[in-house]
Amino acid sequence: MQVAVLASGSKGNATFIEMEGVKLLVDAGISTRRIKQELSNLGVDIADLDGIFITHEHIDHVKGLATLSKKYRIALYSRPETFRAMSCYREIPIECLNPIKDRVTLGRISVRAFDISHDAVNPVGYVIQGSSRCVVATDTGYISKGMQAMLEGAQVMVLEANHDVDMLKMGPYPRSLQLRILGRQGHLSNEITAQTLAKLKNRPKKVFLAHLSEQNNSPEVAMDTVKSILAQEGIEDIELFMTSPNQCVSTTY
Ligand SMILES: [Zn+2]
Ligand SMILES: [Zn+2]
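Read on for a plain summary of the structure. Here the structure is a predicted model, which is why all the values come from computation and not from measurement.

1. Here's the deal with the pairing of strand 7 (residues 103-106)
Within a regular beta strand, the side chains point alternately toward one face of the sheet and then the other, so they alternate between its two faces.
No. 1: Here strand 7 shows a buried face lined by Val-104 and Leu-106 and an unburied face lined by Arg-103 and Thr-105.
No. 2: Bridge count between strand 7 and strand 8 (residues 109-115): four bridges; the pairing is antiparallel. In the sheet register, Leu-106 faces strand 8, and the bridge partner there is Ile-109.
No. 3: The hairpin formed by strand 7 and strand 8 contains two residues between the paired strands, and Gly-107 there has a positive phi angle of roughly 55°.

Put into structure tokens, the structure is as follows:
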């Protein structure tokens with residue numbers, strides 16, 4: 001499989017996954033032009049996408065969706081409440097909308113939506129399962145038991161490491177916004193992300209640290225925190241990748 005985080009963070013999110021010949025995106029929160037360019041850099045034609053899976057309706061996850069679906073008529077998948085809550089909902093060609101509850105099969109892979117905890121109508125993460133397994137989980141305030149189970153056995157993971165708790169508390173955000181981010185429907189801290197990884201029985205080989213805050217985190221702090229917590233647990237076999245708002249980061253497994 002190939003996993004490429006085209007962009008990640010509060011300015012826009014999109015992840016490309018190719019597994020068993022099926023090509024898909026999780027989220028399309030950057031412009032269609034950028035998605036086309038990044039995919040082309042990977043040798044992928046945007047028109048060959050088999051589907052786009054939306055995690056939730058926030059603009060940093062759906063910004064490119066209207067243009068993309070009108071121009072290329074790619075099948076979109078998400079929970080029905082999410083579709084209806086998207087600001088671009090009425091611009092999407094109706095035949096592109098494929099509401100799902102939890103699972104869909106595309107070729108030889110299955111994609112499963114699972115509940116996450118975020119201040120959106122019905123947000124989800126996705127398990128992409130073929131002969132290998134990839135999980136995308138960002139924009140969640142905490143990791144429930146159900147989520148932890150979904151993460152088990154994935155070889156590659158895109159997992160949120162949004163903030164450093166001290167940087168957030170000492171940073172410029174108003175108290176109300178700090179509390180939203182720290183809350184049960186906010187975003188994951190570097191520490192919780194590391195502890196989540198450490199708790200797994202079947203650890204991933206490769207993990208993308210995703211959706212980093214530009215105000216309340218830095219690539220260095222996120223990487224150091226996650227690495228040192230894992231090292232304390234004696235875990236040194238996970239390859240960590242830093243994602244970026246403006247640069248594609250890609251790996252194969
Ligand atoms: Zn987001
Ligand atoms: Zn969000």
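2. Things to note about the sheet that holds strand 9 (residues 124-129)
Backbone-to-backbone hydrogen bonds join strands into a sheet, with any given pair of strands oriented parallel or antiparallel.
No. 1: The sheet built from seven strands is open, its strands ordered 7-8-9-10-11-12-13 with mixed pairing. Whereas interior strands pair on both sides, the edge strands pair on one side only; in this sheet they are strand 7 and strand 13 (239-242). With direction set aside, neighbouring strand axes in the sheet form an average angle of 20°.
No. 2: With four bridges joining them, strand 9 and strand 10 (residues 133-137) adopt antiparallel strand pairing. Directly across from Gln-129, in strand 10, lies its bridge partner Arg-133.
No. 3: Against the sheet, helix 8 (residues 190-199) makes contact with strand 11 (156-160) and strand 12 (206-210), and its axis sits at roughly 150° relative to strand 11, the strand it touches most.
No. 4: Against the sheet, helix 9 (residues 219-232) touches strand 12 and strand 13, its axis set at about 165° to strand 13.

3. Remarks on the coordination of the zinc ion (ligand 1)
No. 1: For the zinc ion (ligand 1), the full set of protein donor atoms is Asp-60 (OD), His-61 (NE2), Asp-139 (OD) and His-211 (NE2), at a range of 2.1 to 2.2 Å.
No. 2: One way to put it: the four donor atoms around the zinc ion (ligand 1) meet at angles of 91 to 169°, and that makes the site irregular.
No. 3: Counting residues between consecutive donors of the zinc ion (ligand 1) along the chain gives the motif D-H-x77-D-x71-H.
No. 4: In this structure, the zinc ion (ligand 1) is positioned 3.4 Å from the zinc ion (ligand 2), and both are ligated by Asp-139.

4. Some details on the coordination of the zinc ion (ligand 2)
For a metal with four donors in a tetrahedral arrangement, the ideal angle between donors is 109.5 degrees, while six donors in an octahedron ideally sit at 90 or 180 degrees.
No. 1: Protein ligation of the zinc ion (ligand 2) involves His-56 (NE2), His-58 (ND1), His-118 (NE2) and Asp-139 (OD), the donor distances falling in the range 2.2 to 2.6 Å.
No. 2: Viewed at the metal, the four donor atoms of the zinc ion (ligand 2) are separated by angles of 88 to 175°, and the geometry they form is irregular.
No. 3: Spacing between the donor residues of the zinc ion (ligand 2) along their common chain follows H-x1-H-x59-H-x20-D.

5. So, the pattern of salt bridges
A pair can form between side chains of opposite charge whenever their charged atoms are brought close.
No. 1: Scanning the entire structure with this criterion turns up eight salt bridges.
No. 2: Between Glu-20 and Arg-108 there is a salt bridge, with its nearest N and O atoms 3.6 Å apart. Here the residue Glu-20 occupies a position in the loop between strand 2 (14-19) and strand 3 (22-26), and Arg-108 occupies one in the loop between strand 7 and strand 8, the gap between them amounting to 88 residues.
No. 3: Measuring nitrogen to oxygen at the nearest pair gives 3.3 Å for the salt bridge that ties Asp-237 to Arg-203. Residue Asp-237 is found in the loop between helix 9 and strand 13, and its partner Arg-203 is found in the loop between helix 8 and strand 12; the two are separated by 34 residues along the sequence.
No. 4: For Asp-237, a relative accessible area of 47% gives the class partly exposed.

6. Notes on unusual backbone geometry
No. 1: Located in the positive-phi region is Asp-27, a residue other than glycine, with phi close to 70°.
No. 2: Within the secondary structure layout, Asp-27 lies in the loop between strand 3 and helix 1 (32-41).

7. Some remarks on the packing of aromatic side chains
No. 1: Counted according to the given criterion, the structure contains three aromatic pairs.
No. 2: Between Phe-53 and Tyr-77 the ring centres are 4.6 Å apart and the planes differ by 10°, which places this aromatic pair in the stacked class. Of this pair, Phe-53 sits in strand 4 (residues 51-53) while Tyr-77 sits in strand 5 (residues 76-78), placing them 24 residues apart in sequence.
No. 3: According to the relative accessible area criterion, Phe-53 is buried, its value standing at 0%.
No. 4: Consider the rings of Phe-53 and Tyr-126, whose centres lie 5.3 Å apart with planes at 70°: the pair is edge-to-face. You can see Phe-53 sitting in strand 4 and its partner Tyr-126 sitting in strand 9, a full 73 residues away along the chain.
No. 5: Classification of Tyr-126 as buried rests on a relative accessible area of 0%.
No. 6: By way of ring pairs, the aromatic residues Phe-53, Tyr-77 and Tyr-126 are connected into one cluster.
No. 7: The residue whose ring lies beneath Arg-184 is Tyr-142, and the NZ or CZ to ring-centre distance is 3.5 Å.

Parameters and conventions
- Residues numbered from 1 in each chain as written.
- Chains lettered and ligands numbered in written order.
- Predicted model: local features only at pLDDT ≥ 70, side-chain atom pairs only at ≥ 80, totals over all residues.
- Heavy atoms only, no water.
- Buried < 20%, exposed > 50% of the residue type's maximum accessible area, 1.4 Å probe, protein only.
- Helix = DSSP H or I, 4+ residues; strand = E, 2+ residues; numbered from the N terminus.
- Pairing = 2+ DSSP bridges.
- Axes fitted to C-alpha atoms, helices over the stretch in contact; angles between N-to-C directions.
- Contact = heavy atoms within 4.5 Å.
- Donors = N, O, S within 2.8 Å, 3.2 Å for Na, K, Ca; no water.
- Tetrahedral: all angles 85-135°; square planar, octahedral: opposite > 155°, others 65-115°.
- Salt bridge = Lys/Arg side-chain N within 4 Å of Asp/Glu carboxyl O.
- Phe/Tyr/Trp six-rings, centres within 6.5 Å; stacked < 30°, edge-to-face > 60°.
- Lys NZ or Arg CZ within 6 Å of the ring centre and 35° of its normal.

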